[in-house]
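Report on the structure
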Amino acid sequence: MVAALAATGFRPTALQAGTPPDLIAREGVLQLAPANYPETQGIGYNGAVPGPMIRLPQGARMTRRFQNELPQPSTIHWHGIRLDNAMDGVPGLTQDVVEPGATFLYDFVVPDAGTYWYHPHNRSYEQMARGLSGALVVEEAGGGPEVDNDEVLLIDDWRLAEDAQIAGGFGDMHDWAHAGRIGNWITVNGLGDWRKPVQQHSRHRWRLVNTANARIFSLEAQGLGGWIIALDGMPLDAPQPLDRLTLAPAQRADIIVDVTASVGEEAFLVSFERDGGYAIATFDVTAIARSERLDAPSPLPPNPVPQLGPLETARKAALLMEGGAMGRMGGAMMGGQMMGMREMAGAGKVWAFNGMADMPDEPLVAADRGETVRIDITNDTAWPHAMHLHGHHFRQIGSNGTAGPLRDTLLMDRGETAQIAFVADNPGDWLLHCHMLEHSAGGMMTWLRVA
Ligand code: C2O
Ligand code: CU
């Protein structure tokens with residue numbers, strides 16, 4: 001445990017016996033834009049963007065004292081961790097908000113190896129747009145694959161004004177009813193020009209995390225060859241050749257890449273936008289690590305996630321996603337009353353799940369512990385959405401009954417339907433929401449109860 005704490009970068013002098021390290025949400029000065037631009041006032045855990053990296057061995061305890069030095073309430077959610085419900089960080093569902101000046105002790109065990117992250121779950125559309133998030137990496141119990149370098153790349157999208165300050169307008173209903181708050185400046189680990197030297201034929205494990213409010217990244221590696229080995233923290237049964245990689249908000253991909261570009265050349269991670277490709281990370285090939293590429297990697301060992309039970313007898317629920325601009329929804333239930341779209345928008349809601357724009361009093365599903373649950377989701381909107389389930393990983397079930405990889409966040413295109421299934425083995429109340437933060441704040445939120 002001591003070694004694990006030291007690895008997070010906290011100064012050892014700040015540690016006293018029995019005192020967990022702090023994660024303090026507070027203001028910080030960031031250099032997001034190039035050096036000839038002013039610094040940006042943001043907020044970060046311990047004032048930094050990204051926040052301190054937390055690295056733990058699988059099965060270890062994660063203990064941090066959260067201190068809120070923001071002028072508004074906050075909490076921390078540990079995205080993708082199958083943790084104790086009381087530690088999930090959802091205000092009004094699993095804990096009270098942590099008021100300005102107050103603290104909360106987060107303490108839980110991390111059962112699964114993989115790439116996870118942490119972020120606020122109160123006014124997250126503002127607090128995350130201003131910078132609050134960090135990586136949580138759980139190392140494989142038996143050691144990870146052999147690589148020359150293991151690195152987390154948190155990819156974020158910022159809306160900056162011309163003076164490089166974070167633009168306001170967090171409650172803008174136009175953003176909320178459309179694709180969410182899409183920015184104009186992309187960073188990797190808080191830098192707009194992330195760059196590092198690499199060696200030809202060196203092997204890297206990159207843990208990509210999309211920490212943006214709403215932007216869906218479409219990524220490609222150039223001058224690099226590789227495989228996807230895990231999605232949303234969970235190992236794939238077999239490494240999959242890396243081609244174009246779509247990363248919706250909150251999704252992660254662990255990739256293994258070998259540098260194939262030659263000395264003197266550059267390799268890139270490229271993000272494809274409507275108007276072309278942009279290098280978001282650049283690698284200068286400065287030397288040769290070995291004469292040839294290494295062999296393809298083996299799969300990672302699976303995490304202890306229970307196998308799905310038979311789907312025919314699973315507990316079933318249906319979720320209809322409606323609303324937003326160019327949608328068909330005329331209104332929804334809010335505060336126990338039927339409201340039209342205009343009235344709803346006046347109250348800050350523009351989306352609905354099963355005709356309800358508020359967090360419903362009743363759960364979408366109440367499952368017995370250990371039961372297999374199947375949810376049929378229909379995206380009856382004109383927008384894509386990134387559906388995230390707390391406390392569990394699910395599999396998407398194909399029309400022929402095949403089960404996809406374990407995920408905690410599913411990207412659903414406009415008009416798409418999807419079936420997801422999971423074993424409800426983690427007791428408590430768990431959110432199911434769109435991770436486009438303006439969409440969840442605007443009504444795309446429901447919950448499940450596991451007895
Ligand atoms: Cu990362 Cu409720 O979300
Ligand atoms: Cu959405």
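The preceding data block contains the structure.
Residues numbered from 1 in each chain as written. Chains lettered and ligands numbered in written order. Predicted model: local features only at pLDDT ≥ 70, side-chain atom pairs only at ≥ 80, totals over all residues. Heavy atoms only, no water.

1. Let's talk about the overall build of the protein chain
A count of helices and strands for the protein chain gives 5 helices and 32 strands. In terms of overall dimensions, the protein chain is globule-like: its C-alpha atoms have a radius of gyration of 21 Å, near the 22 Å expected for 451 residues. For the protein chain, with 451 residues in total, the buried portion stands at 57%. On the protein chain, roughly 18,000 Å² of surface is accessible, and the fraction owed to carbon and sulfur atoms is 50%. Charged side chains of the protein chain number 33 positive and 53 negative; the gap between the two group centres comes to 1 Å. (Helix = DSSP H or I, 4+ residues; strand = E, 2+ residues; numbered from the N terminus. Rg over C-alpha atoms; globule rule 2.2 N^0.38 Å. Buried < 20%, exposed > 50% of the residue type's maximum accessible area, 1.4 Å probe, protein only. Areas by Shrake-Rupley, 256 points an atom, 1.4 Å probe, with all protein chains shown as cover. Lys, Arg positive; Asp, Glu negative; His and termini not counted. Charge placed at Lys NZ, Arg CZ, Asp CG, Glu CD.)

2. Digging into the side chain of His-77
Structurally, His-77 is set in strand 5 (residues 77-79). The class for His-77 is buried, based on a relative accessible area of 1%. Every residue in contact with His-77, bar those within four places of it in the chain, is listed here: Asp-88, Trp-117, Tyr-118, His-119, His-121, His-388 and His-390. (Contact = heavy atoms within 4.5 Å.)

3. Thoughts on the coordination of the copper ion (ligand 2)
The copper ion (ligand 2) binds to the protein through His-385 (ND1), Cys-434 (SG) and His-439 (ND1); the donor distances cover 2.0 to 2.1 Å. Donor residues for the copper ion (ligand 2) sit on one chain with the sequence pattern H-x48-C-x4-H. Of the two residues, His-385 sits in strand 26 (residues 385-389) while Cys-434 sits in strand 31 (residues 428-434), which places them 49 residues apart along the sequence. Neither His-385 nor Cys-434 differs from the other in exposure class; each is buried. (Donors = N, O, S within 2.8 Å, 3.2 Å for Na, K, Ca; no water.)

4. Description of the packing of aromatic side chains
Taken as a whole and assessed by the stated rule, the structure comprises 10 aromatic pairs. Among the aromatic residues, those joined into a cluster by ring pairs are Tyr-45, Phe-66, Trp-78, Phe-104, Tyr-106, Phe-108 and Tyr-118. Taking NZ or CZ as reference, Arg-244 lies 3.8 Å from the ring centre of Phe-272, over its face. (Phe/Tyr/Trp six-rings, centres within 6.5 Å; stacked < 30°, edge-to-face > 60°. Lys NZ or Arg CZ within 6 Å of the ring centre and 35° of its normal.)

5. Re the side chain of Arg-252
Mapped onto the fold, Arg-252 is located in strand 17 (residues 252-259). Within the local environment of Arg-252, its side chain forms a polar contact with the side chain of Asp-408, the two groups lying 2.8 Å apart. (Polar contact = N/O pair within 3.5 Å; in protein donor to acceptor, adjacent residues only side chain to side chain.)

6. Digging into a nonpolar patch on the surface
A cluster of nonpolar side chains, contributed by Met-333, Met-338 and Met-356, occupies part of the molecular surface with about 260 Å² of accessible area. Mapping Met-356 onto the fold places it in the loop between strand 23 (351-353) and strand 24 (365-367). Classification of Met-356 as partly exposed rests on a relative accessible area of 31%. (Patch = residues over 30% accessible without salt bridge, like charges linked within 9 Å, V, L, I, M, F, W, Y side chains within 5 Å. Salt bridge = Lys/Arg side-chain N within 4 Å of Asp/Glu carboxyl O.)

7. A look at the sheet that holds strand 28 (residues 403-407)
Overall, mixed pairing links the 6 strands, which are arranged 23-20-25-30-27-28 in an open sheet. Bordering the open sheet on either side are strand 23 and strand 28, each of which pairs with just one other strand. Strand-to-strand twist of the sheet, defined as the mean angle between neighbouring strand axes without regard to direction, takes the value 25°. (Pairing = 2+ DSSP bridges. Axes fitted to C-alpha atoms, helices over the stretch in contact; angles between N-to-C directions.)

8. What about the nonpolar core?
The biggest cluster of nonpolar side chains holds 81 residues, and the ones touching the most others in it are Met-62, Trp-78, Ile-81, Phe-108, Leu-136 and Ile-375. Residues in contact with Met-62, not counting those within four places in the same chain, are Ile-54, Leu-56, Trp-78, Tyr-106, Asp-107, Phe-108, Val-110 and Leu-136. Core analysis: the second largest hydrophobic core is formed by 30 residues, Ile-228, Leu-236, Leu-247 and Ala-253 among them. (Core = buried A, V, L, I, M, F, W, Y, C linked by side-chain atoms within 4.5 Å.)

9. Quick look at unusual backbone geometry
Cis rather than trans, the peptide bond between Val-49 and Pro-50 has omega equal to -5°. On the secondary structure map, Pro-50 appears in the loop between strand 2 (40-45) and strand 3 (54-57). The phi torsion at Arg-123 lies on the positive side, around 45°, for a residue other than glycine. Its place among the elements puts Arg-123 in the loop between strand 7 (114-119) and helix 2 (124-127).

10. Re the sheet that holds strand 12 (residues 203-210)
Strand order in the open sheet formed by 6 strands is 10-9-12-17-14-15, with mixed pairing between adjacent strands. The open sheet terminates on both sides in strands that have one partner only, identified here as strand 10 (185-188) and strand 15 (234-241). Adjacent strand axes in the sheet meet at a mean angle of 25°, parallel and antiparallel pairs treated alike.

11. Structural notes on the environment of Val-49
With respect to the element layout, Val-49 can be found in the loop between strand 2 and strand 3. A C-alpha to C-alpha distance of 37 Å links Val-49 and Asp-376, two positions 327 residues apart in sequence. With near-sequence residues (within four places) excluded, Val-49 lies in contact with Leu-30, Ile-43, Gly-44, Gly-131, Trp-158, Asn-189 and Gly-190.

12. A look at the pattern of salt bridges
Enumeration according to the criterion identifies 30 salt bridges in this entry. With a shortest N-O distance of 3.1 Å, Asp-148 and Arg-290 are connected by a salt bridge. In this pair, Asp-148 sits in the loop between strand 8 (134-139) and strand 9 (149-158) while Arg-290 sits in the loop between strand 19 (276-288) and strand 20 (315-323), placing the two residues 142 residues apart along the sequence. As a salt-bridge pair, Asp-284 and Arg-195 come within 2.6 Å of each other at their nearest N and O atoms. Taken together, the residues span a long stretch of sequence, with Asp-284 in strand 19 and Arg-195 in strand 11 (residues 194-200) at a distance of 89 residues.

13. Thoughts on the environment of Asp-150
Its place among the elements puts Asp-150 in strand 9. Of the polar contacts made by the side chain of Asp-150, one reaches the side chain of Arg-207; its length is 2.8 Å.

14. Some points on the pairing of strand 20
Across 7 bridges, strand 20 lies against strand 25 (residues 371-379) in parallel orientation. Residue pairing in the sheet places Met-321 in a bridge with Asn-379 of strand 25. Across 3 bridges, the pairing between strand 20 and strand 23 is antiparallel. Each residue of the ladder has a partner; that of Met-321, found in strand 23, is Phe-353.

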